[in-house]
Amino acid sequence: MLPAPVRVWRYRLQPMTVGHYALLCRLGHPAVESDQVLQAGDLATAIWVLKNDRQESYKLLGSPAQQKFVVKVGKYISKKSGLHVSVLNDFYRYWAWQHVSYDIWQKEDEGSEKEKSMSWLQTIRWMLMSEWGYSATEVMDMPYKLAVNDALGAMVAHGKLEFVSDKQVARREFLQSKMKESSNA
């Protein structure tokens, strides 16, 4: 984990907690929801969320101060030549250290009509509270990367999740494609 605090452009960002991540999810932020390059406004929103502690960000969400910050910083970043790329690189460096991503549900659900029983974030919260005994506040204040690793550890320990090698995945996909071919023939 990066030592705190980390600077992205002019702003000191806090270590990303589960609460910060939940707020970014609630906002449908592209850093969480897609693989698109962040535009200046998206970058300003992420900086605003992560420069405050999670409680302050929740409290000020939608306030005139938050909106003014996002508009002002977003415009400034987009107007200065080369600044957007520089800030984006700093932010992605921060994001890579603070964030961990597993495509567990995405790969499982591709092409499937079966709905997930829980979102990724709910699963993390549930595992940490039920299996490790954390309170809701402790989970929300926990560094996101640590929370994901602890939740996955609990799932593996209790037989709710099994990791497979790339070779096993390739074999499974090969067998599934052969089954589809034989059913279509």
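These remarks concern the structure in this document. Just so it is clear, the structure is predicted and the values come from calculations on it, not from any experiment.

Observations concerning the packing of helix α3 (residues 40-51) against helix α5 (residues 64-79)
The contact between α3 and α5 brings their axes to 8 Å, and the two run at 130°. Viewed along their axes, α3 and α5 adopt a mutual orientation that is oblique. For the crossing formed where α3 meets α5, the hand is right-handed. Within the contact between the two elements, α3 uses Ala-40, Gly-41, Leu-43, Ala-44, Thr-45, Ile-47, Trp-48 and Lys-51 and α5 uses Gln-66, Phe-69, Val-70, Val-73, Gly-74, Ile-77 and Ser-78.

Some remarks on a positive patch on the surface
A surface patch of positive charge is lined by Arg-10, Lys-68, Lys-72 and Lys-80. Checked against the element boundaries, Lys-80 lands in the loop between α5 and α6 (83-98). Note on Lys-80: relative accessible area 42%, which makes it partly exposed.

Here we look at the environment of Arg-7
You can see Arg-7 is positioned in strand β1 (residues 6-8). Take Arg-7: its relative accessible area is 49%, and that puts it in the partly exposed class. Separated by 44 residues in the primary sequence, Arg-7 and Lys-51 place their C-alpha atoms 9.2 Å from one another. Of note is the side chain of Arg-7, whose polar atom sits 3.1 Å from the backbone oxygen of Arg-10.

Re the packing of aromatic side chains
Tallied over the entire structure, the rule returns seven aromatic pairs. Ring geometry for Phe-91 versus Tyr-92: centroids 6.2 Å apart, planes at 55°, classification tilted. Judged by relative accessible area, which is 33%, Tyr-92 ranks as partly exposed. Centroid distance Phe-91 to Trp-95: 5.8 Å. Interplanar angle 25°. Geometry classified as stacked. Highlighted residues: Phe-91 and Trp-95, both in helix α6, separated by four residues, approximately one helical turn.

So, how was this worked out
- Residues numbered from 1 in each chain as written.
- Predicted model: local features only at pLDDT ≥ 70, side-chain atom pairs only at ≥ 80, totals over all residues.
- Heavy atoms only, no water.
- Axes fitted to C-alpha atoms, helices over the stretch in contact; angles between N-to-C directions.
- Helix = DSSP H or I, 4+ residues; strand = E, 2+ residues; numbered from the N terminus.
- Parallel < 35°, antiparallel > 145°, perpendicular 65-115°, else oblique.
- Left-handed = near helix turned anticlockwise from the far one by under 90°.
- Contact = heavy atoms within 4.5 Å.
- Patch = residues over 30% accessible without salt bridge, like charges linked within 9 Å, V, L, I, M, F, W, Y side chains within 5 Å.
- Areas by Shrake-Rupley, 256 points an atom, 1.4 Å probe, with all protein chains shown as cover.
- Salt bridge = Lys/Arg side-chain N within 4 Å of Asp/Glu carboxyl O.
- Lys, Arg positive; Asp, Glu negative; His and termini not counted.
- Charge placed at Lys NZ, Arg CZ, Asp CG, Glu CD.
- Buried < 20%, exposed > 50% of the residue type's maximum accessible area, 1.4 Å probe, protein only.
- Polar contact = N/O pair within 3.5 Å; in protein donor to acceptor, adjacent residues only side chain to side chain.
- Phe/Tyr/Trp six-rings, centres within 6.5 Å; stacked < 30°, edge-to-face > 60°.

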